[in-house]
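Listed below are the residues making up each chain.
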Amino acid sequence: MIPVEHIFYVSVSLLVTGVVLILTKRNALMMLMGLELILNAANLNMIGFNQLHKPAWDGQMAGLFIVIIAVCEAAVGIAIILQAYRHYFSSVPDQISDLKDPW
Amino acid sequence: MSAFAFYGFAGIILVCLFVMVITRKVMHAALALLGCLVSVAGIFAVLSAEVIAVIQLMVYAGGILILILFGIMLTGRLSNKPLQVQSHNVWVGVLAGVLMLFLFIPLADSFPVQTRSLEDASIQAFGITLFSTYAFAFELSGLLLLVSLIAAAVAASSRPS
């Protein structure tokens, strides 16, 4: 029997690492990896808390749909990163500043 | 036995997360992400969510990680050296991380005590629920996958429109 708090701790560590990766890394691919970690944290919480409410399946179903949405997001995100790289020759979001105020 | 597996997977996750934060090579971070995702799939299996565990292995470890590796390969070709990534805003990141830890960790005191055992999960019941109660959401997610497939193919194509 695994206490639900410990599942929650693992999930919090995934979430915090994802946020830290998005805030600190300069490469867009690293930010995408942080996003995957955050979605995984949500997924882990869904399935962990579903344990408290057996035999309901709502948490596991939500986990399934989170995985599907993560796939869509990753596919479209990497396509956009590739296209931006082709256009700006850089995958660093800070260097793509066409819309920034010039002063 | 299952508790042993859970804490083992949790340890692997923590190590991989640490590697992802401190490494400067994107390739190493992607491999650490692979370890992380596989360990999360293992935790799902321990928590008697076998279907989600298998889907996580196939979709994340087999699909998304390959996509990310292709992204690393294709966005590093102009510089002819391994893709390196610098960190910036380190103090903002550390501050946000510590703040979130202090926000979330006290929440764990308010959880209800778990009393039920986990042996009543079956894949058959999962499938019946998926195709009866959640049939509409399932079909809708299929549509979403199709739309995102077309969007990714169009957005990544090199032909000028």
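Refer to the structure above for everything that follows.
As the structure is a prediction and not an experimental result, all values here were calculated from the model.

Conventions adopted
Residues numbered from 1 in each chain as written. Chains lettered and ligands numbered in written order. Predicted model: local features only at pLDDT ≥ 70, side-chain atom pairs only at ≥ 80, totals over all residues. Heavy atoms only, no water. Helix = DSSP H or I, 4+ residues; strand = E, 2+ residues; numbered from the N terminus. Rg over C-alpha atoms; globule rule 2.2 N^0.38 Å. Buried < 20%, exposed > 50% of the residue type's maximum accessible area, 1.4 Å probe, protein only. Contact = heavy atoms within 4.5 Å. Areas by Shrake-Rupley, 256 points an atom, 1.4 Å probe, with all protein chains shown as cover. Disulfide = S-S within 2.5 Å. Expected span 1.5 Å × (residues − 1). Polar contact = N/O pair within 3.5 Å; in protein donor to acceptor, adjacent residues only side chain to side chain. Buried area = accessible area lost by both parts, 1.4 Å probe. Salt bridge = Lys/Arg side-chain N within 4 Å of Asp/Glu carboxyl O. Arc of directions from axis to C-beta.

## Side note on the overall build of chain A
What chain A contains, in helices and strands, is three helices and zero strands. Starting at the N terminus and ending at the C terminus, chain A contains elements arranged as α-α-α. Scaling as 2.2 N^0.38, a compact globule of 103 residues should have a C-alpha radius of gyration of about 13 Å, whereas chain A reaches 18 Å, well beyond that. Counting only C-alpha atoms and orienting by the principal axes, one finds that chain A spans roughly 55 × 25 × 20 Å. Scored against the burial criterion, the 103 residues of chain A give a buried share of 58%. A separation of at least 24 residues holds for 53% of the contacts in chain A among residues at least 6 apart in sequence. Element-wise, carbon and sulfur atoms account for 67% of the exposed surface of chain A, whose accessible area totals about 4,100 Å².

## Concerning the overall build of chain B
Regarding its fold elements, chain B presents six helices and zero strands. Along chain B, helices and strands appear, N-terminal first, in the series α-α-α-α-α-α. Across the 161 residues of chain B, 34% fall into the buried class. Look at the contacts in chain B between residues 6 or more apart in sequence, and 57% of them connect residues 24 or more apart. For chain B, the exposed surface amounts to about 9,700 Å²; the carbon and sulfur share of it is 74%.

## Re unusual backbone geometry
A positive phi angle, close to 60 degrees, is found at Ser 48 of chain B, a residue other than glycine. According to the relative accessible area criterion, Ser 48 of chain B is buried, its value standing at 8%.

## Quick word on the state of the cysteines
For the coordinates displayed, the defined rule picks out zero disulfides over all chains. Here Cys 16 of chain B is not disulfide-linked; the sulfur of Cys 36 of chain B is the nearest cysteine sulfur, at 5.4 Å.

## What to know about helix α2 (residues 28-50) of chain A
Between the first and last C-alpha of α2 of chain A there are 33 Å, a value that for 23 residues agrees with the 33 Å anticipated at 1.5 Å per step. N-cap assignment for α2 of chain A: the residue whose side-chain oxygen lies 2.8 Å from the backbone N of Leu 29 of chain A is Asn 27 of chain A.

## Remarks on the interface of chain B and chain A
Interfaces are often described in size by the accessible area the parts lose on coming together. Taken together, the contact pairs 82 residues of chain B with 66 residues of chain A. Buried area between chain B and chain A, summed over both chains or domains, comes out near 6,800 Å², and the portion from carbon and sulfur atoms is 77%. Joining chain B to chain A, the criterion identifies zero salt bridges. The tally of links between chain B and chain A comes to eight residue pairs in polar contact (both at pLDDT 80 or more).

## As for helix α5 (residues 123-132) of chain B
Every α-helix winds through 3.6 residues per turn, so residues three or four apart in the chain are directed the same way. Restricting attention to buried positions, one finds in α5 of chain B the residues Phe 126, Thr 129 and Leu 130 of chain B. Angularly, the buried residues of α5 of chain B cover 100 degrees about the axis, an arc narrow enough to put them on a single face. Exposed and oriented more than 90 degrees from the buried face of α5 of chain B are Gln 124, Ile 128 and Phe 131 of chain B. Along its buried surface, α5 of chain B packs onto α3 (58-88) of chain A together with α3 (50-75) and α6 (135-156) of chain B.

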